[in-house]
Amino acid sequence: MNAPNTYEGNAYFRPASAEEECLYQFLRESVQTWPPDKVLDDFYQLFFRGRLPRHEPIISALMVIVNSSQADYFHFILNRCCHILINYWQLYPHFQPAVPKLIDLFERLTESRPQSYERSGNRLQSLLTHFVTTDQFLKLQRLGRVISRNSENSLGQLINRYPYLYEHCLLSEDSSYEHIQTVKHFKKRIQRHFEIDMSRYLTAELRQDRQRRDQEPLIWTPHQGAHSQRTGKNPTFLPNQELSQALFTFAGPIEPGGLSGRDYSRRAFNQVMQASNYGNFKEGLFQYLTASIDTSYGRQQFNKRLEERLMTTLPQCRDQRPSESLLLRTSCQLLNFMVVENTRNPEHYVFVDLITNLGATTTVRLLLRLVLLCGKVRPYLEKRLSVLFSHYESFTRAGVPWLVTALENLHLALTLNFGKLDISAFMPLVSPKAHRMT
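Just so you know, these numbers come straight off a predicted model, no measurement behind them.

Caption draft 1: Main features of empty space enclosed by the protein. Taken as a whole, this structure holds four cavities of 30 Å³ or more when the rule is applied. Reported here for the largest cavity is a volume of approximately 90 Å³. Lining the largest cavity we find 14 residues, and of these Ile254, Gly261, Leu368, Arg369 and Leu372 sit closest to its centre. Going through the elements one at a time, helix 10 (240-251), helix 11 (261-273) and helix 16 (360-373) are the ones with two or more residues in the lining of the largest cavity. Broken down by element, the lining of the largest cavity gets its largest block of residues, four residues, from helix 16. Residue composition of the lining of the largest cavity, by class: seven nonpolar, five polar and two charged.

Caption draft 2: Inspection of the environment of Phe76 at higher detail. One can find Phe76 in helix 4 (residues 74-89). For Phe76 and Glu173, which are 97 residues apart along the polypeptide, the C-alpha to C-alpha distance reads 9.3 Å.

Caption draft 3: Quick peek at the packing of aromatic side chains. Considering all chains together, one arrives at 18 aromatic pairs under this definition. Members of the aromatic cluster, each reached through a chain of ring pairs, are Phe43, Tyr44, Phe47, Phe48, Phe106, Phe131 and Phe137. Lying over the aromatic face of Tyr24, Arg80 brings its terminal NZ or CZ to 5.5 Å of the ring centre. One residue, Arg161, lies across the ring of Phe237, its end atom 3.7 Å from the ring centre.

Caption draft 4: Structural view of the nonpolar core. Membership of the largest hydrophobic core comes to 137 residues, with the highest contact counts inside it found for Phe43, Phe47 and Trp89. Beyond its immediate stretch of four places on either side in the chain, Phe47 contacts Leu23, Leu62, Phe74, Leu78, Cys81, Leu124 and Leu128.

What counts, and where the lines are drawn
- Residues numbered from 1 in each chain as written.
- Predicted model: local features only at pLDDT ≥ 70, side-chain atom pairs only at ≥ 80, totals over all residues.
- Heavy atoms only, no water.
- 1 Å grid on protein atoms, 1.4 Å probe; cavity = no way out; pocket = protein on both sides within 12 Å on 5 of 7 lines; lining within 4 Å.
- Points joined across faces, edges and corners; volume = space filled by probe spheres on them.
- Helix = DSSP H or I, 4+ residues; strand = E, 2+ residues; numbered from the N terminus.
- Nonpolar A, V, L, I, M, F, W, Y, C, P; charged D, E, K, R; others polar.
- Phe/Tyr/Trp six-rings, centres within 6.5 Å; stacked < 30°, edge-to-face > 60°.
- Lys NZ or Arg CZ within 6 Å of the ring centre and 35° of its normal.
- Core = buried A, V, L, I, M, F, W, Y, C linked by side-chain atoms within 4.5 Å.
- Buried < 20%, exposed > 50% of the residue type's maximum accessible area, 1.4 Å probe, protein only.
- Contact = heavy atoms within 4.5 Å.

Right under this line is the structure:
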């Protein structure tokens, strides 16, 4: 059942007009009746040429929108029209190639300005030109990359690899119920594929390790050049040695005591929440986080800056008893400090400094500790990374290797701690004691 055609968000809240409903119903019937090529041709004739033979009521509805106050919301309306087609096509693999073709119509807009328009054509052209500059179209492009899995030359083209970014990078304030469900569907599917690929890779490594043990008493060590002997391929951009380290870091026991990351964080949660006041709570939180930081690096600047940030967070609450609400608010402030503030102030010096000095795996372990302590802050962490992704979206993959490595590590960390992948049987392979760190 279709959700009501209303738009909700910061921009506006209003029911769809009769003219909008006319467009939406026409597109729903077309996409379910005709093959994608005909639907694309009709879409082009309607929105890019301002004419559609034998469909005068549709043209009339469009022109009412174009020449009325509804034009102020045209980019939302057009975005909705695009998603009606995409939401249907994505259900059928043989229709999915039509999605990038739809987006390509807009990307070629500046090259194919029609010389002749029907009445109101210039106004329509202006609205189309504005649409390709909006956040709605940017997220439409990203969704196309998720569906098409095209080349991976720029960071933006890697979006399909990171399902934890989808809700922040693919959804807008005007996203319909159907579009939200489409994004959730892709998020679940891509995540599941990653877990299967990782399981196959580790199974192949385990099989290879056993073969080696049968032939000669060598200690297992991963080699980049051994792919010809594997049936599973490393599904990450991390070299095998770094992947091995990351797997153990995010899924292995926490020293001392051999507790899992979840158990260690649960124990820390109980301790900090028993503090007599918020001030003491922040001191316990500081000790919990810095326990995973190399002491030589921490002593330089980071520990002092982290402590200062904590002490200046919500000073008016110092004498209050700790609560989950205070924990969440504090954790959000710490992520602003350690990752990035916001889109208006995309300063991320601390994050780059952490990765440069500690490496991406250790940096993500620090962030993971905070998420395991306060589960509700996970969407906020994902939002912080989406800010950086958007900031560097046009960069080549080689231009921001530190960010790509961090995104890969975070995907692993979230998968191992919140996904369905269980690698307990493979821990002997990735344990630092099981192989030489070369």
